[in-house]
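Report on the structure
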Amino acid sequence: MKHLSLLAVGLMFSAGVFAGAADTVSVQDAYVRLAPPNAPATGAFMVIKNNGEKDVKVLKADNSASKVTELHTHLNEAGVMKMRPVSAIEIKSKSEAVLKPGSLHIMLIDLKAPMKEGDVVPITLSFDDGSSKVIDAKVVRPTVAPAPMDHMSHKH
Amino acid sequence: MSERILLGIAGLLAALVLGLALFWHPELPDRQLPKAATVAGGDFTLESASGPVSLQDFRGKLVLLYFGYTYCPDICPTSLSATSEGLRQLAPDELARVAMLFVSVDPERDTPGRLKEYAEFFHPQIIGATGTSQNLAEIAKRYGVFYARQKVETAGGGYVVDHTSDTYVVGTDGALLGKIAHATPPDQVVVAIRKYLNQKP
Ligand SMILES: [Cu+2]
């Protein structure tokens with residue numbers, strides 16, 4: 001009996017260790033930038049934290065508001081900002097990926113309908129271990145640089 | 001004994017070299033756009049929703065010039081929202097001395113009407129304008145603006161336009177004064193605008 005309970009405790013611990021990326025990743029400050037009139041695409045931004053022991057990759061993002069969803073980044077080549085798709089966004093163990101304008105972001109391409117300020121767009125992040133997580137991103141009017149900028153200081 | 005000291009010194013040196021290799025990241029020098037002939041600036045005339053708009057129309061005002069396009073998914077909105085937030089922080093008498101032009105380098109998709117809606121979303125004072133490809137290419141050359149189409153299947157219309165993302169500052173006399181770098185936060189945009197406003201031509 002004693003052994004059994006020890007086994008149970010052991011299993012509980014290992015469940016923690018072997019939890020999928022969806023359980024060890026937390027997302028903060030998620031928002032979608034309200035697209036200006038006539039802009040067919042916009043970005044979703046957030047801070048993705050990996051609290052787990054293993055490095056995690058976001059391989060895919062999906063949302064229902066646009067026809068296409070892609071993972072993107074920007075390259076600054078001599079002052080020319082070039083937006084390019086990336087195959088994955090990696091978040092090292094005990095680290096975070098900051099998705100912000102002019103940098104890594106989730107691109108919502110070909111919006112099905114104009115968005116309104118305050119709308120909520122559910123975005124599904126799919127990880128490299130097969131797990132996935134849905135986060136709610138609020139549509140925000142582009143004015144001052146929003147919250148994720150605060151995280152710049154502890155980005156490495 | 002002396003051998004130990006030597007070994008100690010050697011060890012310290014090795015650690016120092018290793019430390020330097022690990023932690024020393026030399027600052028890369030700023031890559032400047034080729035100066036000389038390319039950034040002469042100068043007058044031009046483009047088409048806006050309310051007719052032709054010329055740089056000469058704004059003599060006596062500080063003119064902010066931004067080159068982009070409405071299909072731009074991230075860079076233009078980032079620049080324009082920072083700049084317009086900066087404009088909002090100006091005192092009314094300061095704002096009255098500033099004009100801003102959003103010049104589309106994608107005339108194929110950006111009609112003047114479309115540009116007007118887009119620009120005014122950021123700030124009512126921003127004027128959207130564009131021209132013929134030849135006209136735009138000639139202006140771009142004089143201002144040191146770079147833009148190039150890139151085929152991207154998923155983008156609306158099948159292409160994106162890579163472009164320089166600094167905001168050009170033209171003085172009250174029409175002379176090109178300088179640039180405000182992309183992603184400059186609004187409070188620093190204000191500092192830059194004030195600096196140029198108080199600069200004697
Ligand atoms: Cu993008």
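Throughout, a residue's number is its position along its own chain's written sequence, starting from 1. Whichever chain is written first becomes A and whichever ligand is written first becomes 1, with later ones labelled in order. Restriction of local features to residues with pLDDT of at least 70 applies here, the model being predicted, together with a cutoff of 80 or more for giving and counting side-chain atom pairs; totals for whole chains, interfaces and linings are based on all residues. To get the side-chain values, all heavy atoms of the structure are used, and hydrogens and water are removed first.

Looking now at the overall build of chain B. Only DSSP runs of H or I with at least four residues qualify as helices, and only runs of E with at least two residues qualify as strands; both kinds are numbered from the N terminus onward. Counting its regular elements, chain B contains six helices and nine strands. A 1.4 Å probe rolled over the protein chains alone gives each residue an accessible area, and that area as a share of the maximum for its type sets the label: buried under 20%, exposed over 50%, partly exposed in between. Taking all 201 residues of chain B together, the buried fraction comes to 46%. The long-range share in chain B, meaning contacts at least 24 apart out of those at least 6 apart in sequence, stands at 68%. About 10400 Å² of surface is accessible on chain B, with carbon and sulfur atoms providing 61% of the total. Note on contacts: a residue pair is in contact if any heavy atoms of the two residues lie within 4.5 Å. Note on areas: these come from Shrake-Rupley sampling with a 1.4 Å probe, and a residue is covered only by the protein chains present in the view.

The next subject is the coordination of the copper ion. All names here are of chain A. Atoms of type N, O and S within 2.8 Å of a metal are treated as its donors, and for Na, K and Ca the window is 3.2 Å; water is not considered, so some sites may appear to be missing partners. For the copper ion, the full set of protein donor atoms is His72 (ND1), Met83 (SD), His105 (NE2) and Met107 (SD), at a range of 2.0 to 2.2 Å. Positions of the donor residues of the copper ion along the chain correspond to the pattern H-x10-M-x21-H-x1-M. Within this pair, whereas His72 is found in strand 4 (residues 66-77), its partner Met83 is found in strand 5 (residues 80-85), the two being separated by 11 residues in sequence. Accessibility classification places His72 together with Met83 in one group, the buried group.

Across soluble globular proteins, nonpolar side chains show a tendency to be buried alongside one another. Definition of nonpolar core: a set of buried residues of the types Ala, Val, Leu, Ile, Met, Phe, Trp, Tyr and Cys, connected through side-chain atoms within 4.5 Å. By size, the foremost hydrophobic cluster in this structure holds 83 residues, and its most contacted members are Met46(A), Ile106(A), Ile123(A) and Ile193(B). In contact with Met46(A), not counting residues within four places along its chain, are Val27(A), Gln28(A), Asp29(A), Ala30(A), Ala97(A), Val98(A), Leu99(A), Ile106(A), Ile123(A), Leu125(A) and Ile135(A).

Contact with chain B, which involves 26 residues of that partner, is made by 33 residues of chain A. Buried area, as used here, totals the accessible surface that two parts lose on assembly, with accessibility defined by a 1.4 Å probe and the loss added over both. For the pairing of chain B and chain A, the buried interface totals around 2500 Å² over both sides, and the portion due to carbon and sulfur atoms is 59%. Any Lys or Arg side-chain nitrogen located within 4 Å of an Asp or Glu carboxyl oxygen qualifies as a salt bridge. Taken together, the links from chain B to chain A amount to two salt bridges. Close ionic contact of Asp74(B) with Arg33(A) constitutes a salt bridge, the shortest N to O distance being 2.3 Å. Any pair of nitrogen or oxygen atoms within 3.5 Å is treated as a polar contact; in protein, a donor-acceptor pairing is required on top of that, and neighbouring residues in sequence qualify only through side-chain atoms on both sides. Inspection of the chain B/chain A interface yields nine residue pairs in polar contact (both at pLDDT 80 or more). When residues of the side of chain B that touches chain A are traced back to their parent elements, those giving at least two are helix 2 (75-88), helix 4 (112-122) and strand 7 (159-164) of chain B. Grouping the amino acids of the side of chain B that touches chain A by side-chain chemistry returns 11 nonpolar, nine polar and six charged. In this classification, Asp, Glu, Lys and Arg are treated as charged, Ala, Val, Leu, Ile, Met, Phe, Trp, Tyr, Cys and Pro as nonpolar, and every other residue, Gly included, as polar.

Another aspect to go through is unusual backbone geometry. All names here are of chain A. Notably, Lys94 is not glycine yet its phi reads approximately 55°, a positive angle. Within the element layout of this structure, Lys94 appears in the loop between strand 6 (89-91) and strand 7 (95-99). Phi angles above zero are rare outside glycine, and Asp110 is one such case at about 65°. Inspection of the secondary structure puts Asp110 in strand 8 (residues 105-111). Asp110 gets classed as partly exposed once you look at its relative accessible area, which sits at 28%.

Residues and elements named next belong to chain B. Taken together, seven strands build an open sheet; the order of strands is 2-1-5-4-3-8-9 and the sheet is mixed. In the strand order of this sheet, the two ends are held by strand 2 (51-54) and strand 9 (176-180), each with one partner. Across the sheet, the axes of successive neighbouring strands diverge by a mean angle of 35°, strand direction being ignored. Note that strand 8 (residues 167-170) and strand 9 share four bridges and pair antiparallel. From the neighbouring strand, Val169 faces strand 9, where its bridge partner is Gly178. Inter-axis angles, ranging from 0 to 180 degrees, are taken between N-to-C directions of lines fitted to C-alpha atoms, where helices are fitted over the stretch in contact. Against the sheet, helix 2 touches strand 3 (62-68), strand 4 (98-104), strand 5 (126-130) and strand 8, its axis set at about 165° to strand 3. Seen against the sheet, helix 6 (residues 186-197) touches strand 3, strand 4, strand 8 and strand 9 and runs at an angle of roughly 170° to strand 9. Should DSSP find at least two bridges between two strands, the strands are regarded as paired.

Because each turn of an α-helix spans 3.6 residues, side chains separated by three or four positions in sequence point in the same direction. All names here are of chain B. Helix span, expected: 1.5 Å multiplied by one less than the number of residues in the helix. With 12 residues, helix 6 should reach 16 Å at 1.5 Å per residue; the first-to-last C-alpha distance of 16 Å fits that figure. Here helix 6 has its buried residues at Pro186, Val189, Val190, Ala192, Ile193, Tyr196 and Leu197. On an axial view of helix 6, the arc spanned by its buried residues comes to 165°, and they lie on one face. As for helix 6, its buried residues are in contact with strand 3, helix 2, helix 3 (92-95), strand 4, strand 8 and strand 9. The arc in question is formed by the directions pointing from the helix axis toward the C-beta atoms.

Let's shift gears to the confidence of the model for chain A. All names here are of chain A. Each residue gets a pLDDT score, which is the predictor's confidence in that residue and runs from 0 to 100. On average, residues of chain A score 84 in pLDDT, and 79% of them reach the 70 mark or higher. Contacts for the low-pLDDT stretch residues 9-17, under 50 throughout, to residues beyond four places or in other chains number zero contacts. Taken as a whole, residues 146-156 scores under 50 in pLDDT and shows 17 contacts with residues more than four places along the chain or in a different chain.

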